[in-house]
Amino acid sequence: MSSRELFERHPANPILTAADWPYPVNTVFNPAATQVDGETVLLVRVEDLTGVSHLTVARSPNGFDGWTIDATPLLAPTPGIESELWGFEDPRVVYVPEHERWTITCTAYGPAGPAVFLATTEDFRTVRRHGIIRQSDDKNAALLPCRVRGKWILFHRPKTESGGSHGEILLSRSPDLHNWSAPEQVLQPRFGAWWDSLRIGLGPPPLRTEHGWLVIYHGVKETLGGGIYRVGLALVDLEEPTRVLHRVPQWILGPDRPYEREGDVPNVVFPCGLVHDEPSGQVRLYYGAADTSVCVATAQLDDLLAAVLAAPA
């Protein structure tokens with residue numbers, strides 16, 4: 001771990017690869033993460049041998065090894081539905097106490113472009129599809145686990161002239177998870193040679209802390225060799241999450257291992273899942289490496305908060 005990075009990679013990385021799958025696939029990456037009855041559950045993006053992606057569940061007693069992988073996807077394209085024609089990608093999962101179930105946001109991909117898709121589950125064995133909640137071109141969506149001032153909050157990245165066209169993180173509000181307000185700005189890419197200057201997107205669902213919502217995001221810098229995806233950290237206000245309290249200047253995890261630098265899309269660490277173990281204070285960040293494998297890195301929540309609270313707004 002370099003001095004600039006707050007997360008420490010697990011020595012067994014990658015923890016899941018295509019070779020672990022119970023059926024033939026090309027790559028596995030960008031997993032959502034949660035805990036269910038003491039188990040760690042990952043909802044993994046799986047690219048099959050047609051190039052189309054679906055989402056499959058993997059379970060582990062400790063979140064690092066001993067994985068069991070479902071033999072069939074939890075969420076796969078429905079034949080004849082155009083918005084799902086090219087698959088489901090990059091899920092995020094959050095438990096919503098008000099509904100007593102987990103909410104899945106992911107990207108449904110079709111000829112019109114990527115769109116935000118919502119589903120719910122009580123056990124990660126069956127799923128209820130609620131459908132498209134943000135039309136294309138929109139992605140990188142995650143829900144807060146509770147209402148803020150009576151409204152649900154969805155972080156996302158719409159690509160429209162009115163917002164998001166520069167690769168920002170925005171949010172929308174809803175009374176019912178169906179009707180959403182116009183996007184409002186939260187975080188923007190930084191200018192010039194910064195590591196997150198090309199575009200940014202939300203990582204896992206933000207984690208509620210006493211200081212604010214802890215936001216982990218990916219940022220991209222364009223280079224002559226292509227884009228480099230790294231991980232950043234920010235803190236936004238609990239009651240007004242468009243208000244950015246702090247943003248760490250440097251990246252907190254970047255591709256420097258062979259499995260992150262080499263793969264279908266090189267130089268990528270792309271976080272979608274986070275598990276906070278409250279008794280130990282450990283935060284486990286699950287990410288896709290080079291669009292090819294699933295990895296995990298750990299940090300202490302106190303260390304993350306100390307770093308972000310020391311950063312400027």
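In every chain, residue numbers begin from 1 and rise along the written sequence. For a predicted model such as this one, the threshold for reporting local features is a pLDDT of at least 70, and the threshold for listing and counting side-chain atom pairs is 80 or more; totals across whole chains, interfaces and linings nevertheless cover every residue. Only hydrogens and water are set aside; all other atoms, that is, all heavy atoms of the structure, feed into the side-chain values.

**Quick word on the nonpolar core**
- Counting 26 residues, the largest nonpolar core has F7, L214, L233 and Y287 as its most contacted members.
- For the purposes of this section, nonpolar cores are sets of buried Ala, Val, Leu, Ile, Met, Phe, Trp, Tyr and Cys residues that join through side-chain atoms within 4.5 Å. Burial status follows relative accessibility: with a 1.4 Å probe on protein chains alone, a residue under 20% of its type maximum counts as buried, one over 50% as exposed, and anything between as partly exposed. Ranked by size, the runner-up nonpolar core spans 19 residues in total, among them L202, A234, L238 and W251.

**Comments concerning the environment of A193**
- Counting from the N terminus, the helices are DSSP H or I runs at least four residues long and the strands are E runs at least two residues long. Of note, A193 is situated in the loop between β13 (184-187) and β14 (199-202).
- Its relative accessible area of 58% is what places A193 among the exposed residues.
- The spacing of A193 and T223 is 30 residues in sequence and 9.7 Å in space, taken between C-alpha atoms.

**Some points on helix α2 (residues 301-309)**
- Of the positions making up α2, those classed as buried are L301, L304, L305 and V308. Take α2 and look down its axis: the buried residues cluster within an arc of 95 degrees, on one side only. In this description, the arc belongs to the directions extending from the helix axis to the C-beta atoms.

**Some points on the sheet that holds strand β4 (residues 53-60)**
- The strand order β2-β3-β4-β5 describes an open sheet built from four strands, whose pairing is antiparallel. The open sheet has two free edges, formed respectively by β2 (27-36) and β5 (68-69), since each of these has just one partner strand.
- Strand pairing is defined by DSSP finding a minimum of two bridges between the two strands. Across eight bridges, β2 lies against strand β3 (residues 39-47) in antiparallel orientation. Across the sheet, residue F29 finds its bridge partner in β3, namely R45.

**Side note on the pairing of strand β16 (residues 212-223)**
- Taking burial as the measure, the twelve residues of β16 include nine buried ones, the bulk of the element.
- With three bridges joining them, strand β15 (residues 207-209) and β16 adopt antiparallel strand pairing. From the neighbouring strand, T209 faces β16, where its bridge partner is G212.
- The hairpin formed by β15 and β16 contains two residues between the paired strands.
- For β16 and strand β17 (residues 226-236), the ladder comprises eleven bridges, and the chain directions are antiparallel. Across the sheet, V220 pairs through a bridge with Y229, a residue of β17.
- Counted between consecutive antiparallel strands, the loop separating β16 from β17 contains two residues.

Honestly, it's all geometry; don't read function into it.
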